[in-house]
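These are the residues of each chain, in order.
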Amino acid sequence: MAVSTSPETPIPVGEVSRLIGGWIERLGAVWVEGQITQLSRRPGAGVVFLTLRDPSYDISVSVTCYRQVFDKVADVVSEGARVVVHAKPEWYAPRGQLSLRAAEIKPVGVGELLARLEQLKKSLAAEGLFAADRKKPLPFLPQLIGLVCGRASAAERDVLENARHRWPAVRFAVRNVPVQGVHAVPQVVAAVQELDALPDVDVIIVARGGGSVEDLLPFSDEQLVRAVSAAVTPVVSAIGHEPDSPLLDLVADLRASTPTDAAKKVVPDVGEELARVQQLRERARRAVDGFVQREERGLAAALHRPCIQRPQRMVEDREEQVTAMLERGRRTLGHLLDRADSELTHTLARVVALSPKATLERGYAVLQRPDGAAVRSPQEVGPDDALRARVAEGEFRVRVDGAPGAATAAE
């Protein structure tokens with residue numbers, strides 16, 4: 001329960017320390033896992049002092065135990081080892097310090113570590129942190145490479161020497177950090193985040209030489225894996241040797257088997273690129289030469305064509321065709337005109353033969369009444385009717401004389 005206090009009614013420091021001790025007492029014994037960073041075994045002392053640290057966070061706690069408790073694991077436990085401690089929290093009121101009183105210490109074996117890593121691997125994979133579509137492509141020619149490695153380490157030397165041998169103009173932003181032990185994870189994470197925040201850094205290499213499973217544990221830490229996954233800059237993992245496979249290899253955008261391999265994969269070889277450029281130039285030259293030669297052959301073939309050597313021949317050929325067609329048109333038109341003239345002559349002859357004038361010319365006459373109607377029957381006229389007689393050379397008037405059927409000429 002919260003203690004009611006105020007500026008007018010404060011409680012003494014001793015009372016606060018006593019209350020904290022009471023709350024801690026109620027926690028009871030717990031199993032705690034961590035890494036031993038400090039170990040003090042004074043000769044003749046019955047108590048052993050340890051500092052237990054969380055490798056993923058900057059948190060540590062003091063642990064004390066009786067010598068007989070520590071002697072059971074003294075041969076397999078040293079500074080840097082991971083252990084599981086069954087301890088009861090204690091509060092030392094006079095100094096206001098928290099510590100753990102260990103009743104049992106168990107070293108964490110390699111098999112158990114690997115099992116925990118496998119469980120963490122499955123959990124992170126289920127979140128999609130290792131998915132291929134999250135991988136970012138590396139730039140072809142990085143101008144500035146961020147390198148996270150141990151100080152004066154073989155990994156740093158391998159990366160720098162191989163990269164500069166391949167491309168002398170490449171630049172590095174090196175961050176030297178611990179690559180094993182309790183301080184490795186937070187400092188590696190901080191270095192990656194610092195380099196990722198620099199706009200000029202094109203790619204980040206996290207490199208370390210080989211080591212035991214325990215030595216490489218920081219590079220399988222969940223905090224580091226998530227920091228690399230959140231990085232905007234492509235990250236290359238170059239941890240240990242080919243068989244080593246920390247979780248950093250799975251989340252990184254590119255996995256290199258060794259630091260030397262990382263330099264080869266990140267930095268192009270200037271000699272190879274010059275040779276490739278030369279090959280491309282030769283291919284381009286051959287392609288242009290081939291194109292020019294093909295065009296020259298095509299032009300030569302075109303120049304040897306008759307229409308190019310003697311272009312007027314086409315006009316002459318067309319002239320002959322036009323003349324022939326003109327003559328043909330004339331003949332056709334003449335035939336048509338002759339046929340039309342013949343048909344017209346025949347038609348005219350038929351018209352003349354059938355016309356009344358031709359009949360009149362043979363000596364016949366046509367009698368017409370005053371209204372112009374032709375007389376076809378004697379019954380159509382009467383005595384003294386005036387008629388007109390039309391003959392081939394003209395016409396004259398006649399009058400009907402006497403009975404029907406007889407007529408006399410009036411003029």
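The structure under discussion appears in the preceding block.
Cut-offs used in this document
Residues numbered from 1 in each chain as written. Predicted model: local features only at pLDDT ≥ 70, side-chain atom pairs only at ≥ 80, totals over all residues. Heavy atoms only, no water. Axes fitted to C-alpha atoms, helices over the stretch in contact; angles between N-to-C directions. Helix = DSSP H or I, 4+ residues; strand = E, 2+ residues; numbered from the N terminus. Parallel < 35°, antiparallel > 145°, perpendicular 65-115°, else oblique. Contact = heavy atoms within 4.5 Å. Nonpolar A, V, L, I, M, F, W, Y, C, P; charged D, E, K, R; others polar. Pairing = 2+ DSSP bridges. Patch = residues over 30% accessible without salt bridge, like charges linked within 9 Å, V, L, I, M, F, W, Y side chains within 5 Å. Areas by Shrake-Rupley, 256 points an atom, 1.4 Å probe, with all protein chains shown as cover. Salt bridge = Lys/Arg side-chain N within 4 Å of Asp/Glu carboxyl O. Buried < 20%, exposed > 50% of the residue type's maximum accessible area, 1.4 Å probe, protein only. Right-handed = clockwise from strand over helix to strand, strands pointing away.

K.L.:
Sorry if this is basic, but what is going on with the packing of helix α5 (residues 184-197) against helix α6 (residues 222-230) here?
P.N.:
α6 packs onto α5 with a crossing angle of 5 degrees between their chain directions and a minimal axis gap of 9 Å. Between α5 and α6, the angle is such that the two are roughly parallel. On the side of α5, the interface is formed by Val 185, Val 188, Val 189 and Gln 193, while α6 contributes Gln 223, Leu 224 and Ala 227. Classifying every residue of the contact of α5 with α6 gives five nonpolar, two polar and no charged.

K.L.:
Could you clarify how one ought to interpret the pairing of strand β3 (residues 59-66) in this entry?
P.N.:
If a strand is regular, its side chains alternate between the two faces of the sheet. In the sheet, strand β2 (residues 47-54) pairs with β3 via eight bridges, with the strands oriented antiparallel. Counterpart to Phe 49 in the pairing with β3 is Thr 64. Of the pairings in the sheet, the one linking β3 to strand β5 (residues 97-107) comprises four bridges and is parallel in character. Residue pairing across strands places Ser 62 opposite Ser 99, the latter belonging to β5.

K.L.:
In this structure, what is going on with a nonpolar patch on the surface? I would like to understand it.
P.N.:
On the surface, a nonpolar cluster with roughly 300 Å² of combined accessible area is contributed by Val 3, Ile 11, Val 16 and Trp 23. On the secondary structure map, Ile 11 appears in the segment before α1 (13-25). Relative accessible area serves as the criterion here: at 30%, Ile 11 is assigned to the partly exposed category.

K.L.:
Is there a simple way to explain the pairing of strand β7 (residues 171-176) in this structure?
P.N.:
Relative to β7, strand β6 (residues 144-149) is paired through six bridges, and the arrangement is parallel. Looking at β7, one finds that Gly 146 is bridged to Ala 173. You can see the chain leave β6, run along helix α4 (residues 154-166) and come back into β7, and the turn it takes is right-handed.

K.L.:
I would appreciate a short explanation of the sheet that holds β6 in the present structure.
P.N.:
Strand pairs in the sheet, formed through backbone hydrogen bonds, run parallel or antiparallel to each other. Strand order across the open sheet formed by five strands is β7-β6-β8-β9-β10, with parallel pairing between neighbours. The sheet is open, and its two borders are formed by β7 and β10 (254-255), each paired with just one other strand. Relative to strand β8 (residues 203-208), β6 is paired through four bridges, and the arrangement is parallel. Looking across to β8, one finds that Val 148 is bridged to Val 206. Relative to β8, helix α8 (residues 259-266) is tilted by about 165 degrees, and along the sheet it contacts β6, β8, β9 (235-239) and β10.

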